[in-house]
Amino acid sequence: QGKYTGDTENISLSYSKNKLNVFASYYHNHTKSYQSEDDNFDECKNPDVWQYTVYMPVNFSNNSQEFSTGFDFSVNEKHALGGQYQLYTVNADIDFPVYSSSYFDGAKYDTAVSQSVSKDKSSRHLANVFYNGEFNEIYSLRFDFDFFKNRNDKDQHVDETVNSVQVTPVDIFNQTDYDLWAGKLTNSLKSDAGLVEFGGEYNSIAGDGFVRSSGYTENSEFTNMERKAAGFANYSHSLAGVNLNAGLRYEFTSERFTEGMAQTPFIDRQYSDWYPNVSIAGKLKSMDLSLAFNKRTQRPSFSQLNGNVFYFNRFLFQKGNPYLNKTNIYEINLRIMRAPFYFNAGYSYKKNPVLWYFEEQENNAVILSTYANFPKLQEFNTTFNFNHKIAFWQPNYTISLNYPLFSAHYDGREVKYDKLNYLFTAYNDFTLPAKFIFSCNFIWQSDWQYNFVGSKSYRKLDVGMRKSFFDNALRLNLMIYDIFDWEKYQDFMQINNLRWRVNKKSETRYVTLSITWMFNNYSKKYRGGSAAQDDRNRF
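Owing to the predicted nature of the structure, the values given are computational and were not obtained by experimental measurement. (Residues numbered from 1 in each chain as written. Predicted model: local features only at pLDDT ≥ 70, side-chain atom pairs only at ≥ 80, totals over all residues. Heavy atoms only, no water.)

Re the nonpolar core
Core analysis: the biggest nonpolar cluster contains 33 residues, and Phe41, Phe358, Phe374, Phe406, Phe452 and Met493 have the highest contact counts within it. By residue number, the principal contributor to this core is strand E3 (residues 48–74), which donates 5 residues. Those residues in contact with Phe452, other than ones at most four positions away along the chain, are Leu355, Trp356, Tyr357, Phe374, Phe406, Ala408, Tyr417, Phe492, Met493, Gln494 and Ile495. In this structure, Phe148, Phe257, Leu324 and Phe539 belong to the second largest nonpolar core, which totals 15 residues. (Core = buried A, V, L, I, M, F, W, Y, C linked by side-chain atoms within 4.5 Å. Buried < 20%, exposed > 50% of the residue type's maximum accessible area, 1.4 Å probe, protein only. Helix = DSSP H or I, 4+ residues; strand = E, 2+ residues; numbered from the N terminus. Contact = heavy atoms within 4.5 Å.)

Brief notes about the sheet that holds strand E14 (residues 309–313)
Strand pairing in a sheet relies on backbone hydrogen bonds, with the paired strands running either antiparallel or parallel. In space, the 4 strands of this open sheet follow the order E14-E15-E19-E18, with mixed pairing throughout. Pairing within the sheet leaves two strands with one partner each, and these edge strands are E14 and strand E18 (354–360). Strand-to-strand twist of the sheet, defined as the mean angle between neighbouring strand axes without regard to direction, takes the value 25 degrees. Bridge count for E18 against strand E19 (residues 367–373) is 7 bridges, and the pairing is antiparallel. (Pairing = 2+ DSSP bridges. Axes fitted to C-alpha atoms, helices over the stretch in contact; angles between N-to-C directions.)

Focus: the pairing of strand E12 (residues 264–284)
Sheet topology places strand E11 (residues 242–259) next to E12; 18 bridges connect them, and they run antiparallel. Following the sheet pairing, Leu244 is matched in E12 by Ile280. Linkage of E11 to E12, two consecutive antiparallel strands, is achieved through a turn of 4 residues, within which Gly260 is found at a positive phi near 80 degrees. Relative to strand E13 (residues 287–298), E12 runs antiparallel, the two being bridged by 8 bridges. Considered in E13, the bridge of Ile280 is made with Leu291. Counted along the chain from E12 to the antiparallel partner E13, the turn is 2 residues long, and its residue Lys285 has a positive phi close to 55 degrees.

Some details on the pairing of strand E30 (residues 498–506)
Here 9 bridges tie strand E2 (residues 20–45) to E30, and the two strands are oriented antiparallel to one another. By the bridge assignment for E30, Asp42 is matched with Arg499. In the sheet, strand E29 (residues 489–495) pairs with E30 via 7 bridges, with the strands oriented antiparallel. The partner of Tyr489 across the bridge, within E30, is Lys504. Here E29 folds back onto E30, and the loop between the two strands holds 2 residues, one of which, Asn496, carries a positive phi near 55 degrees.

Topic: the pattern of salt bridges
Counting across every chain of the model gives 31 salt bridges. In this structure, Lys149 and Asp179 form a salt bridge, with 3.0 Å as the shortest nitrogen-oxygen distance. Pair noted here: Lys149 is in strand E6 (residues 139–162) and Asp179 is in strand E8 (residues 170–191), with a separation of 30 residues, a long-range link. For Lys149, a relative accessible area of 28% puts it in the partly exposed group. One continuous salt-bridge network, built from bridges that share partners, spans Lys149, Arg151, Asp153, Asp177 and Asp179. (Salt bridge = Lys/Arg side-chain N within 4 Å of Asp/Glu carboxyl O.)

Details of the packing of aromatic side chains
As enumerated under the stated definition, the model contains 47 aromatic pairs in all. For the pair Phe341 and Phe386, a centre-to-centre distance of 5.5 Å together with 45 degrees between the ring planes defines the contact as tilted. In this pair, Phe341 is assigned in strand E17 (residues 341–351) and Phe386 in strand E20 (residues 376–387), connecting sequence segments 45 residues apart. For the ring pair Trp448 and Tyr450, a centre distance of 6.1 Å and an interplane angle of 10 degrees mean the geometry is stacked. Clustering of aromatic rings is evident, with ring pairs tying together Trp50, Tyr52, Phe104, Tyr109 and Phe315. The ring of Trp486 is capped by Arg459, whose NZ or CZ atom sits 4.2 Å from the centre of that ring. The cationic tip of Lys467 hangs over the ring face of Phe469; the distance from NZ or CZ to the ring centre is 5.4 Å. (Phe/Tyr/Trp six-rings, centres within 6.5 Å; stacked < 30°, edge-to-face > 60°. Lys NZ or Arg CZ within 6 Å of the ring centre and 35° of its normal.)

Take a look at the structure:
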């Protein structure tokens, strides 16, 4: 319960007999929330200076459902197979007016009021099957296969007046439809010399979509085709208390984007790369130590790639960028653990990171909210954690530090963004008489800088009480989030000739009551895995 009432229901069932485990679950969520946003833009195009003020009180409504079912069957002690199906649907509505004023060289240019209603419907289907087989004490095999289908329809209607005069309404309809097929085969050889795993995977992604608009934005349509083939090998071995792991992965990817009914290619590229990883872990007296290095890739999400358009007013649009390229990430991490303390230090180098920013259009005063690849982004990070029970008090305290290294152009000069950021979290559980547990959780985020986007500090305090009954079968949990309504966002950006500032207040203070009944020790047994989890996450 916040400004509006929301509800979530979930039921999970499992049935086991002999070698068969069958399971099913259903999840439903309905939420409605409010957010106010106050934006200011300064756009300097010598000799012209444009300024915009935008105020948006936004109502969000979301209704989502998820259904899943599957089975896991042991043919015998050495062989197992199974499959599962998941369906996830979302109906989301965004309803908001936009009050905006624009200024040209310090003089008021116009005042506009628009009323926007957006409806977003999406569905996702996932089918997964697996087979695990142990053929002898040395050799085993694993196969996973995925089919994933994602469809999204977004409809937006905007009524707008400029200087109190009604202008042509804006209607925009976006549709995207994607299919993903993926298979992964892993072979394992186990001996006294260690474990060797090798195999390959292949996936295919095919998508298409279109934008239909009644004004201010162009009609368009596209197709997107991706193919990825990969081979990998990994070696792990334990010797004298030291665990060594080393692996190498090779990927070959082709991408093809077309536009228009004639499907004219505007991107047709292929690339391949090697991705190594190595780690070593062991004990030094009473400390657990590990050191790891890896190189991995991160591809743009499909919402970042597609050309779907969202209209705020005549000067402000939101759109994806199909020209985005992948990001290669190099990481090194050191971990030290000695109860009750944990320490982690890491460094990452991102080549061609995908970043969100505002882009100025050359021939008019329009500002586009979009994404682009930037040359590089480096980060140093460290985390220190203390977690130890003291009588009836269970504290769990964490301090995280992040130091980015990034530079970009603003106002004709190169600006470095290297502010130290820190986050402090204090989670406290107190065991009271009759086994009631009182929680008091505090978060402090410092002034924060990540690339050219920054944010002012904020804090929040959550409190709650929970209790279990009937031998832990019935569980009640009452939580109050952001009890003092402290959490708010003051963000800013400086890029090229544009400066942006925003004050945003979301509905962060609300109360939840969770009631859980365990009829039995629910145990879903499913030994399958995704053949393309990284690509599924892009949706």
